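Coordinates in review
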Amino acid sequence: MEGGEESGAEIMVDSKDLQQQSKAFDKLTDRVEDRQLDSNRVQSAMASIGASREADLNAKRLREKELASVKINAADVELIVNELELEKSVVERTLREHKGDAVAATRELLSRYPL
């Protein structure tokens, strides 16, 4: 009988050991799955950032095309450049942003670059 009791004790110890090993293995695989989920999240976030960046670039290109199509008066450019002592490219850009309206462009430039 004593031999039977020892064998039962060994089985209980072995089953406890197996349970602990099983729990440890589950924890290990849970971490691997979490890492895979994190990797998927990172990939989707990077794809979203890339798409957002591409949309921003397309919007900027479209805006530049719109501004380039605005007709501005060369006399207005020269007058504002001489009076406010600003670079020609800054004045041209501001005039284009205000659709060639010299008064509005001048107000904008004065608020941005006070004398």
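A brief look at the structure comes next.

About the cut-offs
- Residues numbered from 1 in each chain as written.
- Predicted model: local features only at pLDDT ≥ 70, side-chain atom pairs only at ≥ 80, totals over all residues.
- Heavy atoms only, no water.
- Helix = DSSP H or I, 4+ residues; strand = E, 2+ residues; numbered from the N terminus.
- Buried < 20%, exposed > 50% of the residue type's maximum accessible area, 1.4 Å probe, protein only.
- Contact = heavy atoms within 4.5 Å.
- Areas by Shrake-Rupley, 256 points an atom, 1.4 Å probe, with all protein chains shown as cover.
- Arc of directions from axis to C-beta.
- Polar contact = N/O pair within 3.5 Å; in protein donor to acceptor, adjacent residues only side chain to side chain.
- Core = buried A, V, L, I, M, F, W, Y, C linked by side-chain atoms within 4.5 Å.
- Axes fitted to C-alpha atoms, helices over the stretch in contact; angles between N-to-C directions.
- Parallel < 35°, antiparallel > 145°, perpendicular 65-115°, else oblique.
- Left-handed = near helix turned anticlockwise from the far one by under 90°.
- Nonpolar A, V, L, I, M, F, W, Y, C, P; charged D, E, K, R; others polar.
- Patch = residues over 30% accessible without salt bridge, like charges linked within 9 Å, V, L, I, M, F, W, Y side chains within 5 Å.
- Salt bridge = Lys/Arg side-chain N within 4 Å of Asp/Glu carboxyl O.

Our focus in this paragraph is the overall build of the protein chain. A count of helical and extended segments in the protein chain gives 4 helices and 0 strands. Order of helices (α) and strands (β) in the protein chain, N terminus to C terminus: α-α-α-α. Out of the 115 residues belonging to the protein chain, those deemed buried represent 11%. A fraction of 39% describes how many contacts in the protein chain between residues 6 or more apart in sequence connect residues 24 or more apart. Accessible surface, the protein chain as shown: approximately 9,500 Å² in total, 54% of it carbon and sulfur.

Inspection of helix 2 (residues 74–84) places Val77, Ile80, Val81 and Leu84 among the buried residues, and these make up the whole buried set. Projected down its long axis, helix 2 carries its buried residues within an arc of 100°, all on one side. Among the exposed residues of helix 2, those oriented more than 90 degrees off its buried face are Leu79, Asn82 and Glu83. Tucked inside the fold, the buried residues of helix 2 contact helix 3 (88–97) and helix 4 (102–112). Where helix 2 begins, the side chain of Asn73 points an oxygen toward the backbone nitrogen of Ala75, at a separation of 3.0 Å.

This part takes up the nonpolar core. Core analysis: the largest hydrophobic core is formed by 10 residues, namely Val77, Ile80, Val81, Leu84, Leu86, Val91, Leu95, Ala102, Ala105 and Leu109. Counting residues per element, the ones that place at least two in this core are helix 2, helix 3 and helix 4. Each residue touching Ile80, except ones within four places of it in the same chain, is listed here: Glu85, Val91, Leu95, Ala102, Thr106 and Leu109.

Turning next to the packing of helix 2 against helix 3. Axis separation between helix 2 and helix 3 bottoms out at 9 Å; the angle between their running directions is 125°. Considering the angle they form, helix 2 stands oblique to helix 3. Seen from above, helix 2 lies across helix 3 with right-handed handedness. For the pair formed by helix 2 and helix 3, the contact residues are Asp76, Val77, Glu78, Ile80 and Val81 on the first element and Lys88, Val91, Glu92 and Leu95 on the second. Looking at the contact of helix 2 with helix 3 residue by residue, the class counts come to 5 nonpolar, no polar and 4 charged.

Once that is clear, we can look at a nonpolar patch on the surface. There is a patch of nonpolar side chains on the surface, built from Val42, Met46 and Ile49 and spanning about 300 Å² of accessible area. Here Val42 lies in helix 1 (residues 2–69).

A few words on unusual backbone geometry. With a phi angle near 55°, Glu85 is a residue other than glycine that sits in the positive phi range. Within the secondary structure, Glu85 sits in the loop between helix 2 and helix 3. For Glu85, a relative accessible area of 70% corresponds to the exposed category. Of note, Lys99 is a non-glycine position whose phi angle comes to about 55°, a positive value. Within the secondary structure layout, Lys99 lies in the loop between helix 3 and helix 4.

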